[in-house]
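Remarks on the overall topology
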Amino acid sequence: MATVHPDPDPTALVRDPVALARRLAAVSPEAAARPADVRVVHAPGRVNLIGEHTDYNEGFVLPVAIDLGIAIAVLPTDDGIVRLTLAETAETGEFEPAAVGARQGGWIDYVAGIAWAMAEAGLAPRGFRGVLASDLPQGAGLSSSAALEVVSAWALSGGDRPAVDPMRLVHLVQRGENGYIGLNNGIMDQFASIFGEAGRALLLDCRTLDHRSISMADDDLALVACHSGSPRRLESSAYNERRSQCEAAVAVIAQTVPGVTSLRDVTPAMLEAARPRMDAIVAARAEHVIVENERVLAAIAAFEAGDLATVGRLFYESHASMRDLFGISSPELDALVEIAGTTPGVIGARLTGAGFGGCTINLVRRDAVDEFRAVVLRDYPARTGLVPRVFAVEASAGAGRLI
Ligand code: GLA
């Protein structure tokens, strides 16, 4: 194989498919020999506007695919081998997609997990040579795992749209993460990365799988993600524990209310009736999920009525609920939300994604973004000793082939 050097600016490559294809030709003699067969595929990350830890409780979510993501230049091969190089570090991972073995313990596992899930579903994952570039920060709660998995599904399909219905693909990708990686996550991140639409947020009912997009094309409104500068400490164990606590609440309520199979079926009155028989932490977790579902629907109505003051209030209430009831915030995320709450032009702020570190999402009037960025960069380090990162993001299209 040719000598591989780290690329000087890997984040620029993700936006330049022709250059990424050339990069593959530079590291793979096979790609250099067959340049016309090289494709470039891309999948975005996401922010979730509201509806956190509701997806695996059959509730509602409102994510947005963003203009940060992961691209792979792919040369499909028939040798049954995946060999994928990171543009950023020149590290190369390798596996056989038809015979995926045990996890290797790194980023390549997310690619292998999709090959494993595709094989299980009877889709033959193909070999390829690839180079991967990303401008999506890892461990930031912006779904770099889902973006890597979704773009891998395309790469393992020869660089074409995987030959399954898109909602089935959502579940296949989730299966890869649940069954191979071992994180029992819901379907929100994969759904957003596959179904994203420019200028629109995506309402998904995780029980019926009904979904529709909501216009975000208010020229005055910007989405700003603020990274706390502390890595997301997403122990799969803490996430999986939240999920088990939600299931424990359902089990207690179902003892007296027949037909309850998930927190989606539980009203606030049912929870209050069961609370004396329930562990206090379990009840708090359930309360978050039940009211968070109501907040998603209220936020949709407020967005559609142009009532941004109500949207903002719901954002702050959601954050407080994740902090006080669901136990997934951190002092750093709380500081970011507090700073946002006192900055003019910020409509609402809350942590986004799984929690335990990562990012907040802020709805900000476009003309106030520069000032907001300056305030965060000034006040947050003074309060926490950490350096934040501020990303203005745009609602963007879902996964696809660039060339
Ligand atoms: C992670 C999971 C999602 C969802 C969120 C919390 O991003 O992957 O399925 O549960 O956390 O809303």
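Residues numbered from 1 in each chain as written. Predicted model: local features only at pLDDT ≥ 70, side-chain atom pairs only at ≥ 80, totals over all residues. Heavy atoms only, no water.

**Observations concerning the packing of aromatic side chains**
Applying the stated criterion across every chain, the model contains three aromatic pairs. When the ring of Trp116 is compared with that of Tyr180, the centres are 6.0 Å apart and the planes differ by 40 degrees; the resulting orientation is tilted. Highlighted residues: Trp116 in helix α4 (residues 108-120) and Tyr180 in helix α6 (residues 166-181), separated in sequence by 64 residues. Note on Trp116: relative accessible area 24%, which makes it partly exposed. By relative accessible area, Tyr180 is classed as buried at 8%. The interplanar angle of 25 degrees and the centroid separation of 4.9 Å between the aromatic rings of Phe191 and Phe195 together place this pair among those described as stacked. Of this pair, Phe191 and Phe195 both sit in helix α7 (residues 188-195), separated by four residues, roughly a single helical turn. (Phe/Tyr/Trp six-rings, centres within 6.5 Å; stacked < 30°, edge-to-face > 60°. Helix = DSSP H or I, 4+ residues; strand = E, 2+ residues; numbered from the N terminus. Buried < 20%, exposed > 50% of the residue type's maximum accessible area, 1.4 Å probe, protein only.)

**A closer look at the site of the ligand**
Around the ligand, the surrounding shell consists of Arg46, Glu52, His53, Asp55, Tyr56, Asn185, Gly186, Met188, Asp189, Tyr239, Gly353 and Ala354. Here an oxygen atom of the ligand and a side-chain polar atom of Glu52 are 2.7 Å apart. Protein chains shield 98% of the accessible area of the ligand, which is 310 Å² for the free molecule. Of the residues assigned to the shell around the ligand, the class counts are four nonpolar, four polar and four charged. (Near = heavy atom within 4 Å. Polar contact = N/O pair within 3.5 Å; in protein donor to acceptor, adjacent residues only side chain to side chain. Areas by Shrake-Rupley, 256 points an atom, 1.4 Å probe, with all protein chains shown as cover. Nonpolar A, V, L, I, M, F, W, Y, C, P; charged D, E, K, R; others polar.)

**Some details on the pairing of strand β3 (residues 63-77)**
For β3, the buried fraction is high: 14 of the 15 residues fall into the buried class. With nine bridges joining them, strand β1 (residues 39-48) and β3 adopt antiparallel strand pairing. By the bridge assignment, Ala43 is partnered in β3 with Ile70. (Pairing = 2+ DSSP bridges.)

**Let's talk about unusual backbone geometry**
Located in the positive-phi region is Ser143, a residue other than glycine, with phi close to 65 degrees. Topologically, Ser143 is positioned in the loop between β6 (127-134) and α5 (144-155). Of the residues examined, Ser143 reaches a relative accessible area of 8% and is grouped as buried. For Leu209, which is not glycine, the phi torsion reads 70 degrees and is therefore positive. Position of Leu209 relative to the elements: it lies in the loop between β7 (200-205) and β8 (211-215).

**A closer look at a nonpolar patch on the surface**
Residues Val18, Leu402 and Ile403 make up a contiguous nonpolar surface patch of about 240 Å² in total accessible area. Secondary-structure assignment places Val18 in helix α2 (residues 17-27). (Patch = residues over 30% accessible without salt bridge, like charges linked within 9 Å, V, L, I, M, F, W, Y side chains within 5 Å. Salt bridge = Lys/Arg side-chain N within 4 Å of Asp/Glu carboxyl O.)

**Comments concerning the sheet that holds β1**
Hydrogen bonding along the main chain pairs the strands of a sheet, whether they run parallel or antiparallel. Pairing within the open sheet is mixed, and its six strands lie in the order β5-β4-β6-β3-β1-β13. Lying at the two open borders of the sheet, with one neighbouring strand each, are β5 (92-95) and β13 (400-401). When strand β4 (residues 82-86) meets β5, the two strands line up antiparallel, connected through four bridges. Bridging across to β5, Val82 finds its partner in Phe95. Set on the sheet, α5 makes contact with β1, β3, β6 and β13; between it and β1 the angle comes to about 155 degrees. (Contact = heavy atoms within 4.5 Å. Axes fitted to C-alpha atoms, helices over the stretch in contact; angles between N-to-C directions.)

**Let's talk about the pairing of β6**
Within β6, eight of the eight residues are buried, leaving the element largely enclosed by the surrounding structure. Burial along β6 is two-sided: Gly127, Arg129, Val131 and Ala133 facing one way and Phe128, Gly130, Leu132 and Ser134 facing the other are all buried. Here β3 runs beside β6; their pairing, made up of eight bridges, is antiparallel. When the bridges of β6 are listed, Ala73 appears paired with Val131.

**A look at the environment of Arg242**
As for its position among the elements, Arg242 is in helix α8 (residues 236-256). On the basis of relative accessibility, which here comes to 6%, the residue Arg242 falls in the buried class. As a C-alpha pair, Arg242 and Asp367 span 125 residues in sequence and 38 Å in three-dimensional space. In this structure, Arg242 is in contact with Tyr56, Arg285, Phe326, Gly327, Ile328 and Phe356, ignoring residues within four places of it in sequence.

In short, shape yes, function no, at least from these values alone.
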